[in-house]
Amino acid sequence: MSDENKTVENKEPKNLSRRGFLGASAVSAAGIAGIGISGIMTPAEFAQAAEKARNNAHHNIGPGELDEYYGFWSGGHSGEVRILGIPSMRELMRIPVFNIDSATGWGLTDESKRIKGDSADVLCGDAHHPHMSMKDGRYDGKYVFINDKINTRVARIRCDVMKTDKMLSIPNVQAIHGLRVQKVPHTKYVFCNGEFRIPQPNDGRDLNDPSKYFTMFNVIDAEKMEMAFQVIVDGNLDNTDADYTGRFAASTCYNSEEGVTLAESMRNERDWLVVFDIHAIEKAVKAGKYTTIGDSKVPVVDGRKKANSQYTRYIPVPKSPHGINTSPDGEYFVANGKLSPTVTIIAINKLPALFAGKIKERDTVVGEPELGLGPLHTAFDNRGNAYTTLFIDSQIAKWSVKDAIRAYKGEKVNYIKQKLDVHYQPGHNHTTMGETRDADGKYLISLCKFSKDRFLPTGPLRAENDQLIDISGKEMKLVHDGPTFAEPHDCMIVHRSKVKPKKLWTRDDPIFAATVAQAKKDGVTLESDNKVVRDGKSVRVYMTSIAPNFGMSEFSVKQGDKVTVIVTNLDQVEDVTHGFAVNQHGISMEIGPQQTSSITFDADKPGVFWFYCHWFCHALHMEMRGRMLVKKA
Ligand code: CUK
Ligand code: CUA
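Residues numbered from 1 in each chain as written. Chains lettered and ligands numbered in written order. Predicted model: local features only at pLDDT ≥ 70, side-chain atom pairs only at ≥ 80, totals over all residues. Heavy atoms only, no water.

Let us look at the overall build of the protein chain. In terms of regular secondary structure, the protein chain is built from seven helices and 39 strands. Computed over C-alpha atoms, the radius of gyration of the protein chain comes to 26 Å, within 12% of the 26 Å expected from 2.2 N^0.38 for 633 residues, which places it in the range of a compact globule. For the protein chain, buried positions account for 58% of its 633 residues. Once local pairs closer than 6 in sequence are excluded, the contacts in the protein chain between residues at least 24 apart make up 60%. A total of about 27100 Å² of accessible surface is found on the protein chain, and carbon and sulfur atoms cover 52% of it. Positive and negative side-chain charges in the protein chain, numbering 81 and 79 respectively, have mean positions lying 2 Å apart. (Helix = DSSP H or I, 4+ residues; strand = E, 2+ residues; numbered from the N terminus. Rg over C-alpha atoms; globule rule 2.2 N^0.38 Å. Buried < 20%, exposed > 50% of the residue type's maximum accessible area, 1.4 Å probe, protein only. Contact = heavy atoms within 4.5 Å. Areas by Shrake-Rupley, 256 points an atom, 1.4 Å probe, with all protein chains shown as cover. Lys, Arg positive; Asp, Glu negative; His and termini not counted. Charge placed at Lys NZ, Arg CZ, Asp CG, Glu CD.)

Here you go:
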């Protein structure tokens, strides 16, 4: 390979609409000629569908009525997580994770910087896969985990306060993509994939020798939020899911070719699903049978084919597979073909025989139904049906798992039950409780990448379209269009009985424990004291807040001081959140009822700077303010 810069030929397409362009490129990428995008409605059909949706309004939740489900939505490259009420599709809350948030001060406050740790100065992220911790295959309401593909991180959200409480940078890999939790016996581990292959260690060696690159499957201790171990694989890793025995996890690979360009990574007709024997790997790590890479101390085991290990098996599946989904009865992994019109059904109960060497890889395959163009992800109900997104066809295919298995055995059965147009180009889909044993078959969400003509145009950048589909009856029915901002790759929907959010913060919350400890060292009682503690050039300003007053109406510092303002909100009234913002200093944070928040900045300019509360809290909210007096050095 030469060291020259390489270019890809990108010619501007002539006279192609967005829709046509997308169709052309998607179809040529799939290597399928002459097939356009279906599922686009005429205006008349559209009006009819809208009328139907209105008539079918039992999903409507009136003002003041509460939803049945919490939906946790990834915010894609906005870096956040959003909470939606389902079925109303109302956005209830945003949880800043990998982004910086002006309203809450996430990324600005001392507490959030401590949680971000070694990536405190990283200001962006690409969140794809939110998944809740489980016990015995059921949501336990404790945590939601989410990946950051840009900066190779995983974060954890605490569901009692709906705030990010841990963040971990994953060593020796790049682009954490697929993420799921161990379902059984409980979420001891979070599984996540390093998507891109890199030199190891990535310290400038082997830059242009891709044959030396590799990537790894990463296993995180969910409670400690520390690395448990890593597994080297052949190819690359895309999405992942876990089984209901606790022994296996499986990841799709779309680059078995180990290519670095698009053309190189599309050559093979079959790539594979790599299955990990978590128990075997755990045992090896415990016995000290591992290596490490570079400066990292994380145990690494070799799961490549040439290592001939008991850690992995590679099951060939067509072609550049994307999503991998476990059926809620625990029986099957379904790998979604992407560039093949098929999905591959793998019987999980055959995996022990495969690992024992008694059967061959493809002997685990019990079905390979042909569903349509561009299958990306599959969701399940509790009646044996699967729902697969068809990206290129802009449809959801509803199919019977059992019938698809019978057809694979040679029986003449039609396993496809219905195809529903969605608008347009769906990626993930998700059913209510569908990734757990409690799958209830009520609603399906289709996360469509393009809205095109469904909403008022908003300039070159348009909303995406999250569609709510009622699947409780015989037929799927589209009942709601929900515009969303970049880019809900994935979501999950949890019955409200599983989530128990707190109404107030508790004073001993670990999120601000370090700030409380510092106050103790400074001899300050946070619940009553309003005072300034000087520690050389560092100045800590402790104040309380009760609507509509801060405990201090002014404080003085010197130019050149490093100022930390610590606010303790003494309000005990539900929903009375205060803010603290300082003019001309880029300082903003939220202080919820009974919470302590702190933020640090340089007082680099002499003068008067007003601070004020920016969360509306009281009739005299505008008056909730004070002065910072900065004396000239
Ligand atoms: S990925 Cu985006 S559509 Cu990141 Cu789960 Cu499939
Ligand atoms: Cu306190 Cu507004």
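The structure having been displayed, the exposition proceeds.
Burial analysis of strand β22 (residues 385–390) places six of its six residues in the buried class, which makes it a mostly covered element. Residues Asn385, Tyr387 and Thr389 of β22 are buried on one face, and the alternating residues Ala386, Thr388 and Leu390, pointing to the opposite face, are buried as well. By the bridge criterion, four bridges tie strand β21 (residues 375–380) to β22 in an arrangement that is antiparallel. From the neighbouring strand, Ala379 faces β22, where its bridge partner is Tyr387. In this antiparallel pair of consecutive strands, β21 and β22, the connection spans four residues, and Gly384 shows a positive phi of 85 degrees. In this sheet, strand β23 (residues 395–400) lies alongside β22 in antiparallel orientation, the contact comprising six bridges. Note that in β23 the partner of Thr388 across the bridge is Ala397. Taken together, β22 and the strand that follows it, β23, pair antiparallel across an intervening segment of four residues, in which Ser394 is found at a positive phi of about 55 degrees. (Pairing = 2+ DSSP bridges.)

Here the focus is the nonpolar core. Ranked by internal contacts, the top residues of the largest apolar core, which has 61 residues, are Phe72, Trp73, Ile86, Val97, Met132, Ile220 and Ile445. The element contributing the most residues to this core is strand β5 (residues 138–148), with five residues. Excluding anything up to four places from it in sequence, Val97 contacts Gly79, Glu80, Val81, Trp106, Ile146, Ala155, Ile157, Thr164 and Met167. One finds Val563, Val565, Val567 and Met628 within the second-largest nonpolar core, a separate group that totals 27 residues. (Core = buried A, V, L, I, M, F, W, Y, C linked by side-chain atoms within 4.5 Å.)

Another point: the sheet that holds strand β4 (residues 131–135). Strands sit in the order β4-β5-β6-β7 across an open sheet of four strands; the sheet is antiparallel. Edge positions in the sheet fall to β4 and β7 (163–169), since each of these pairs with one other strand and no more. With strand direction ignored, the average angle separating the axes of adjacent strands in the sheet is 30 degrees. Both strand β6 (residues 153–158) and β7 contribute to a ladder of six bridges, which runs antiparallel. Looking across to β7, one finds that Val154 is bridged to Leu168. (Axes fitted to C-alpha atoms, helices over the stretch in contact; angles between N-to-C directions.)

Of all the positions in helix α4 (residues 278–286), only Ile278, Ile281, Ala284 and Val285 are classed as buried. On an axial view of α4, the arc spanned by its buried residues comes to 125 degrees, and they lie on one face. α4 presents Lys283 and Lys286 as exposed residues on the side facing more than 90 degrees away from its buried surface. As for α4, its buried residues are in contact with β9 (189–196), β10 (215–221), β11 (226–233), β13 (248–253), β14 (270–277) and β15 (300–302). Between the side-chain oxygen at the start of α4 and the backbone nitrogen of His279 there is a gap of 3.2 Å, and the oxygen is on Asp277. Within two residues after α4, Gly288 carries a phi angle of roughly 80 degrees, on the positive side. (Arc of directions from axis to C-beta. Polar contact = N/O pair within 3.5 Å; in protein donor to acceptor, adjacent residues only side chain to side chain.)

Before going further, it helps to spend a moment on the site of ligand 1. Taken together, His128, His129, His177, Asn239, His322, His377, Gly427, His428, Lys449 and His489 make up all the residues around ligand 1. Partitioned by chemical class, the residues of the shell around ligand 1 number no nonpolar, nine polar and one charged. (Near = heavy atom within 4 Å. Nonpolar A, V, L, I, M, F, W, Y, C, P; charged D, E, K, R; others polar.)

Attention shifts here to the packing of aromatic side chains. Tallied over the full model, the rule gives 13 aromatic pairs. Ring centres of Phe550 and Phe611 lie 5.5 Å apart, and the angle between their planes is 65 degrees; this geometry places the pair in the edge-to-face category. Highlighted residues: Phe550 in strand β32 (residues 549–550) and Phe611 in strand β38 (residues 607–612), separated in sequence by 61 residues. Relative accessible area serves as the criterion here: at 0%, Phe611 is assigned to the buried category. Within the aromatic cluster, the residues linked to one another by ring pairs are Tyr189, Phe191, Phe217, Phe229 and Phe276. In this structure, Arg156 is placed above the aromatic ring of Tyr143, and the distance from its NZ or CZ to the ring centre is 3.9 Å. We note Lys305 situated over the ring of Tyr314; from NZ or CZ to the ring centre the distance is 5.3 Å. (Phe/Tyr/Trp six-rings, centres within 6.5 Å; stacked < 30°, edge-to-face > 60°. Lys NZ or Arg CZ within 6 Å of the ring centre and 35° of its normal.)

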